Amino acid sequence: MTQDEMKKAVAHAALAHVVDGKIVGVGTGSTANCFIDALAAIKHRIGGAVASSEATRQRLASHGIAVFDLDEVEELPVYVDGADEINAAMQMIKGGGGALTREKIVAAVARKFVCIADGSKLVPVLGRFPLPVEVIPMALGHVRRELAKIGGTPLRRAGFVTDNGNLIVDVGGLPIADPVELETRINQIVGVVTNGLFACRPADVCLLGTADGVRTLTAA
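What you see is a predicted model; the values in this text were computed from it and never measured.

Thresholds, definitions, all that
Residues numbered from 1 in each chain as written. Predicted model: local features only at pLDDT ≥ 70, side-chain atom pairs only at ≥ 80, totals over all residues. Heavy atoms only, no water. Pairing = 2+ DSSP bridges. Helix = DSSP H or I, 4+ residues; strand = E, 2+ residues; numbered from the N terminus. Salt bridge = Lys/Arg side-chain N within 4 Å of Asp/Glu carboxyl O. Buried < 20%, exposed > 50% of the residue type's maximum accessible area, 1.4 Å probe, protein only. Lys, Arg positive; Asp, Glu negative; His and termini not counted. Polar contact = N/O pair within 3.5 Å; in protein donor to acceptor, adjacent residues only side chain to side chain. Contact = heavy atoms within 4.5 Å.

**Considering the pairing of strand β14 (residues 213-217)**
1) Next: Pairing of strand β13 (residues 205-210) with β14, which is carried by five bridges, proceeds in the antiparallel orientation. Looking across to β14, one finds that Gly 209 is bridged to Val 214.
2) Next: Hairpin connection, β13 to β14: the antiparallel pair is bridged by two residues.

In structure tokens:
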């Protein structure tokens, strides 16, 4: 299968985790878009969706799927989203699309987090993909200096502003031997909204697209 075919395969497989009559959380990015397109075929079975970005909200609405604000929802049985990297412990780097803060909020509320990804996203150690960090604009210089002290190379994402009105710094070359410790450490830098390590709240299951079909992975 091609990469696009893998994305579509895992998107369709994720439909099995959707709870009839309930609202589903939906992530952001190319693989999440495949899930939205698949979800449209069963929209009569769900109560609607919560979107992790404005782009996702618009795509859901274009399919006639009711979109709710998270504050309107009492329960969220499942959240489906992609990843830029994922390891055997179901810890991820996310935020390549810049929606990491809202993705992390929705993931925190959901009872089950289903990650959908093509096989190239599974890695033994996180960190090859630059780690996105959402930053309040006035703190950009301070945050970049603090991130450099940790050992990474922080670069502002040019021409990009998040849905929250903030900036993204992509940090390359970070040693991520302990994802939970690093996630916590970076979030303690004043001016950081959050970072793209999803280690404190990892995925519960990963549907991984491979040449031989969809594999279901859980934490090792």
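**Some thoughts on unusual backbone geometry**
1) Next: Positive phi, close to 70°, is recorded for Met 90, a residue that is not glycine.
2) Next: Considering the arrangement of structural elements, one finds Met 90 in the loop between β5 (85-86) and β6 (92-93).

**Here's the deal with the pattern of salt bridges**
1) Next: The full count for this structure, using the stated rule, is 15 salt bridges.
2) Next: Ionic pairing is found between Arg 45 and Asp 20, a salt bridge with its closest N-O pair at 2.9 Å. Linking Arg 45 in the loop between α2 (30-39) and β2 (48-51) with Asp 20 in the loop between α1 (3-14) and β1 (23-26), this pair joins segments that are 25 residues apart in sequence.
3) Next: For Arg 45, a relative accessible area of 32% translates into the label partly exposed.
4) Next: The salt bridge involving Glu 54 is made with Arg 102; its shortest N-O contact spans 3.1 Å. On the criterion of sequence distance, the pair formed by Glu 54 in helix α3 (residues 54-62) and Arg 102 in helix α4 (residues 100-109) is long-range, its members being 48 residues apart.
5) Next: On the basis of relative accessible area, Arg 102 is assigned to the partly exposed category, the value being 24%.
6) Next: A network of salt bridges, in which partner residues are shared, links Glu 54, Arg 57, Asp 69 and Arg 102.

**A closer look at the side chain of Lys 7**
1) Next: With respect to the element layout, Lys 7 can be found in helix α1.
2) Next: Notably, Lys 7 is buried but unbridged: the nearest opposite-charge side chain belongs to Asp 4, and the N-O separation is 4.7 Å.
3) Next: A polar atom in the side chain of Lys 7 sits 2.8 Å from the side chain of Ser 30.
4) Next: Excluding anything up to four places from it in sequence, Lys 7 contacts Ser 30, Thr 31, Cys 34 and Asp 118.

Remember that the coordinates give geometry; whether it matters functionally is a separate question.
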